[in-house]
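Geometric and topological summary
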Amino acid sequence: MASSPSSRHVLQLTNNPEDKIKIYRIQTGDTVYLSKSCEFGEFDLCISCKDPTDKVVALSKTKADTFSDRVYEYDNGSFGALTSCSFVATIAGPYAITYKSPLRGENISITVLADPVIKCDIIGVTMSIDQIAVQTHLTKCCGGMDEWEEVFEVTKESGYNMVHLTPIQELGVSQSSYSLHSHLKLSKSLKLGDGALSYEMEMQRFGKKLKEIHKSTELFFLTDLVWNHVSICNTDINKHPESYYNLHNTPNLIPAYLIDRSIAKFANNLKGIAEVRDLRSFGERLKNHLCELKESLEMIYRLDYLNSRDDGDMKAIDCLDKPSDVIFELWKVDYKRERNGGTIDVDIFKKWLINKGFASSQDVVGIVRSEMDLFNDTFVPRYVDQLFNQVVEAVIGTVKHRFVDPNGLKLEFGAVNLVDRYFHVSDTSLSEEFELDLYSQKHAERIKTCNGWTCGESITDMNTTMAYTRREVVIWGDSVKLRYGEAKSDSPWLWGYMERYTKEMAKIFHGFRIDNCHNTPLHVGVEMLKCAHRVRPNLYVVAELFTGSEEKDSRIINAMGITSCIRELSQAHSPRHLGELLYHYGESTPCGTFDMTYQLSSGIVATRLLPSRPHAMLQDMTHDNPCPFDHHPIVNVLALAGAKCSAKCSIGSNRGFDELVPHHIHVVQEKRRYLGHDHTRDKQLKSAKKALLNLHQYLESFTETFVDQATEDVIIVTRHDPVNCDKVLIVIATKWSDFSKTCSNYDVSLPGDATEVLLEIDINSDNSTYERHDSFITGLEGVVVNVRENPLTTSNVFVRKRGDLRDITFHLSPGCVLALKVSPPKRQWHAMVNFNKFLDVRHQLFDTFYEACSSLTLHDLNHIMYRCHEEEQAAGCGGVYNIPGYGNLAYAGIAGFYHVLEEIEKSNATGHPLCRNLCEGWWMFEYVCNRLKPYKLLAEYLGDVFNYVRDVPNYMRPKVFEFVISALYSTCLRRIGDLIPTFSQKSWFHKQLILTSVQLVGRVGNTGIHCKPDSSGSAVSMSAGIPHFSHGFMRCWGRDTFIALPGLLISTGRLDDARELIVGFARTLRFGLIPNLLSEGGHQPRYNCRDAVWWWCRAVQLMYVKDPEILSQVVHRIYQTDDSRVPSDSEFECTVLEVVYEILNRHATGINFTEENAGRQLDEHLKYDGFHVSAGVDFKTGFVWGGSKSNCGTWMDKVGSSDAAGNRGLPATPRDGCAIELVGLSYKTLKWVQELFEKGVSETQHVLVEKQGGYTAKTLYKQWFTSIEENFDKYFWNDEGDFYRDTVTLDPQYDCNEDEFRPNQAVAMVVAPELFDPSNHSLALEKMGKELTGPVGMKTLAPSHTNHRPYYHTGDNSNDFHTAHGFNYHQGPEWVWCMGFYLRAKLHYEIKKGKEDRLFYETVLAPHRAMIAGTPFRGLTELTNRDGDFCAGSCPTQAWSSGTILELLADIEF
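The sections below set out a description of the structure shown in this document. (Residues numbered from 1 in each chain as written. Predicted model: local features only at pLDDT ≥ 70, side-chain atom pairs only at ≥ 80, totals over all residues. Heavy atoms only, no water.)

Right, let's talk about the sheet that holds strand S29 (residues 616–619) for a bit. Taken in spatial order, the eight strands of this closed barrel run S11-S12-S15-S23-S24-S25-S29-S30, and their pairing is parallel. For this sheet, the mean angle separating the axes of adjacent strands, direction not counted, is 30°. Here strand S11 (residues 133–137) pairs with strand S12 (residues 162–165) via four bridges, running parallel. Looking at S12, one finds that histidine 137 is bridged to leucine 165. Contacts from helix H12 (residues 492–508) reach strand S15 (220–225) and strand S23 (511–514), with the element oriented near 165° to S15. (Pairing = 2+ DSSP bridges. Helix = DSSP H or I, 4+ residues; strand = E, 2+ residues; numbered from the N terminus. Axes fitted to C-alpha atoms, helices over the stretch in contact; angles between N-to-C directions. Contact = heavy atoms within 4.5 Å.)

Spelled out as structure tokens, the structure:
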């Protein structure tokens, strides 16, 4: 859609190199602000820009701006931050923006296409490209220029504003409109003089005359540019053989020429049409004839033993298994050699044979020779035979279409060639049969390659194409294909010749149509159009592309700067197909498009620049295709014209179709002239076309479009004006064939009051006749067209039902077109007015919402914004909103809606199931309002807003909903900024992670535990991960909570919540441990892990830094002893610090118990001895230890459950003995309590240890941690592997692999760096970086280990011991939380060495940014499979994944 003059846009620069094929459109004069994607974090981008003339654009350097509106300052969606760069599109064409991606290390390019504004000060006309209506004329049929004004007056009277002329140059011998004798000589048919004028004088006269016609008719003009070929009669190129393709500069065409010559000889010997009617017999005879070439072609393709290359790619062949396949992959042909032109990289082939075991180094030479012999003797003959089959099939197809098929061209046999020649011999003195030496430069240069056309595959690279050899080209035998080479130096004469031609055309014409565009070498089109833009900055460029792929189209469009792509409606094969084409190419902006306006903090208002489809020039009929009346009834001419004129794009037609000429006006054969306006016969039809084209202009302000296939034959196009809410309905009744169903009555309920009948046209061709004129091009006569235009008070096409103008019945005859203006009912109009007011004063709406949110807590916001399906159901609600055709939203809260709306906005996908659901009913609005009822003021405000806009048209509901939800989401973020003051200063990624603390921490049911026993309501709890660990007894995990708590709560300043969780879990202390699973309300906690308590101790230490009072917090204990709870009528209290001391004492004396209620009722997978828990301290080393052969005591806690695989009851990763991270955590706790003692905070400095003999003795904390320091490297360092062992075994009862290489050592490096020898620390970090790091997580077991299984599937029901039922949970999959500790370990080491590279962490965290932006859950996943592959069994947002990365960000302070 062309934007309003001087609009401002924001374009996002991303890390995606595929953005170069996306099309971004603005209008000349617009400003583009560049924003960087959140993927780039704090990286600065070095941006450059070139304009359509290849000049460097000076990017405006302004103060970096922010988005202050729409989604508060925080979010900008995943839109990122503005850079300080902007530019104004001063001329039309492609603006190439290039920046180096710091994440990829390579340049990324994005193209912005500036649409021209078509204007002329002489006639005072200005129009956007969507207003262009062009009519095509064959120049040779227009007569002399003195007659043009009369000819084009017909175009003006028909309502067109632009004329498309085929080339005005002198034509070649065939008189084809596109086969030019010379590009630098004008056609004699223009009658510019007596033929003695120079080219310069001719161009002056032509330009002056065209300007006069432009002024008198107010028509603009565009012409075809022909860069690909020149007529075979052009003699200039003979002096420059490098300028055309011939057998000397393109020897790979030699086989094609040999085949072409042989086919011509075969065709010359045919006697008559009878010899081709039996196509099967014809094909067999042709193939037999081609076999005369078999030996010659085989000799070209055969391999030469003595000729080798050195360009083989080992990677490309490494996956192949057969020597013959490898040879084929390496095989290249040197066509300059008449014999044995085939070559391969012999050295690479030898290596492959040896690597695959086909040969040894001693016999490889002989094996190579034998394999090459086999290739020559078997593959080459088969290859040539297959080539002959392809050639025969192509020739049969051509012959069938020309002579045999009753639906084909039905040409007269003998009047034209059986098939056209692909090559032209320019020297007539040479005989093709006997005198041509194809390997002689003199002769090879005389064999010129004809140009042609292909659909799909382009033939721009003639050095590699096989299209000519396989006869896949629709050849133009009258034209020679031009050769530009890779650079101007390859063909300097041709480049100069064409640049001059292009510039001269740009001086005169307002626009170009690029002939045969998709077969034009891309660099040629780019350079030529740069020349043109230097001459005419506001150039309009159109082309017809036949790549068969919108992606390929987009590459050409962006590179050349094509404004509009020609699309043809008459190619539709059914009314439904017509509707699809109209929807695809004519629907510029869908009805109800979201508001994409952003107000920047500087006060500038800009719109988000989204990718769009290629802009279309929608034509009912182009000039170079067969007449549509061969397969369309005459009456369909108005239906096609009505469809075209209803579209929001450029439109066009050709003169013959408009005048109902019932045959093709052939670009080669037609010699007659068009009639002038005084002689045209059918005034009614001309009036109808003008009325439709006037309608197209009228619809310019109706910018939003909706296409509806109302019935099999009826299409209704709705054009909507988003400003005043009016609509125009264009009803198009088609008739696709004489046998198709006749349109009749059709009932419709209008979306408002029918205020005006703008247009009614019907057509009847029952009495049409045609008489061909010898000198002039004439059309059908007797076609009756009735045109009735606004204002109309009565209708011939519809009748009212029940006396109103809302329910009506159409009486539709085939081919009729109706345009009806509809104004919304008053209630809809008022609702739309209200909504537009909201858009105008959006800050007031935001402030109103903010007032309602001013008292909300973070726990309130957890409920308002989030809550997954399971959380919602656990609260007694119905669950998240389910969208038919899409499924459940991620969250029941507004974030669930917002994140989907954000994705819809990125591509303007108004057909999304969410939008459809909104259009069908108010259920989504009501769902949101009902959920917010507990928050009275907010619910009232939101209800008032919805009531104001409740009556908007159905299709506007998604737009309204998106605006309101975005405003509410923004307000919630603003409130979060109040409650977490540092929030607004953080980067986008940092803010997203902070939001996960709101997402995962709340008061949900009976899942937490209060600090005080008499508290009511829900306690604060942290979900370990959503959705799997979101509710019930599975929500609260001691280990997960306290690994995540420092990042999610302490670093974000949520100290009250951190305190409640620390004290709450302290209440549950039993056996010297805190629970692994808290269970609901803490009633039946499970004490089956030995690591959660040490993570709790770490959380206390970090909390103490922020809040020293945490140590004196009273803990109301639940358990008086290990075996008994505190009676309800008494209390057992202590402080948090005393709980720490108890933990140390209990470990020092040893922990040994069996879980309460042990058995299958507690865990159906564990063996009974797996319920036994033991832990303690080895005071020889100071290391804490623990374990069991039948359970897992640390975070790597997977126990097998498959009977078929035999792993039920077995721990996958028991880690018995001394786990490295627990040694580090306990060491840090000991040093901390010693520091407390030394500072006088505490009087305790020892634990009591039971000695042999039954007595106890004091062991000082300092003695304990000193022992750890002295023994750590001694036991944990693996000198041979350069890593720290994951566990060490000090007791022979434990049977574990001490030399497993896992990431847990990174935890110890962060919590207790002083334990590590600096040189060993460095080696271990380096090894972890090389072998364990994935894109977002850390491999949980080194790939070199025999048990490494990197793909985790919970549904694995195989009998594989290592993977069944997800047994490999921690045996190779990559866990995200470990990455946080690894990066922190690396950062701390680098800081210590003074070598930190903070931008390195921006790069490493790029996949994390992409992950959080790419999931509707907006979090970091629990784990991934190998190399970051998606893992279906993983929680999409996991507490400790976010928590540990938040700790990293706090260290770095991005």
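Having seen it, we continue.
This part is about the environment of arginine 1384. As for its placement among the helices and strands, arginine 1384 is situated in helix H37 (residues 1376–1393). Linking arginine 1384 and cysteine 455, residues 929 residues apart in sequence, is a C-alpha distance of 56 Å. If we ignore the near neighbours within four places in the chain, the residues touching arginine 1384 are Arg1098, Val1310, Thr1444, Glu1447, Leu1448 and Asp1451.

Counting across every chain of the model gives 70 aromatic pairs. With centroids separated by 5.1 Å and ring planes inclined at 25°, the aromatic side chains of tryptophan 1377 and tryptophan 1440 adopt a geometry described as stacked. Separated by 63 residues along the polypeptide, tryptophan 1377 in helix H37 and tryptophan 1440 in helix H40 (residues 1439–1452) bring together distant segments of the chain. Residue tryptophan 1377 is classed as buried on the basis of its relative accessible area of 0%. What makes tryptophan 1440 buried here is its relative accessible area of 3%. (Phe/Tyr/Trp six-rings, centres within 6.5 Å; stacked < 30°, edge-to-face > 60°. Buried < 20%, exposed > 50% of the residue type's maximum accessible area, 1.4 Å probe, protein only.)

The next point concerns the nonpolar core. Side chains that are nonpolar tend, in soluble globular proteins, to be buried together. Ranked by internal contacts, the top residues of the largest apolar core, which has 207 residues, are Phe849, Met865, Phe961, Ile976, Leu1045, Trp1096 and Trp1377. The biggest single contributor to this core is helix H27 (residues 957–979), with eleven residues. Sequence-distant contacts of leucine 1045, defined by excluding residues within four places in its chain, comprise Met1022, Ile1050, Ala1058, Leu1061, Ile1062 and Ala1099. Counting residues in hydrophobic clusters, the runner-up holds 68 residues, among them Tyr245, Trp331, Val391 and Val392. (Core = buried A, V, L, I, M, F, W, Y, C linked by side-chain atoms within 4.5 Å.)

A separate point is the environment of tyrosine 1227. Take tyrosine 1227: it is sitting in helix H33 (residues 1220–1239). The spacing of tyrosine 1227 and serine 1267 is 40 residues in sequence and 9.7 Å in space, taken between C-alpha atoms. Look past the residues within four positions of tyrosine 1227 in its chain and what remains in contact with it is Phe1265, Ile1268, Glu1269, Ala1312, Glu1314 and Leu1315.

Evaluation of the coordinates by the stated rule reveals 75 salt bridges. The salt bridge involving aspartate 54 is made with lysine 50; its shortest N-O contact spans 3.9 Å. Its relative accessible area of 32% is what places aspartate 54 among the partly exposed residues. Classification of lysine 50 as partly exposed rests on a relative accessible area of 37%. (Salt bridge = Lys/Arg side-chain N within 4 Å of Asp/Glu carboxyl O.)

This paragraph deals with the pairing of strand S8 (residues 106–115). Of all ten residues in S8, seven are buried; the element is thus mostly enclosed. Note that strand S2 (residues 24–27) and S8 share four bridges and pair parallel. Counted as the bridge partner of tyrosine 24 is valine 112 from S8. Of the pairings in the sheet, the one linking strand S7 (residues 93–101) to S8 comprises nine bridges and is antiparallel in character. Opposite isoleucine 97, over in S8, you have isoleucine 110 as the bridge partner.

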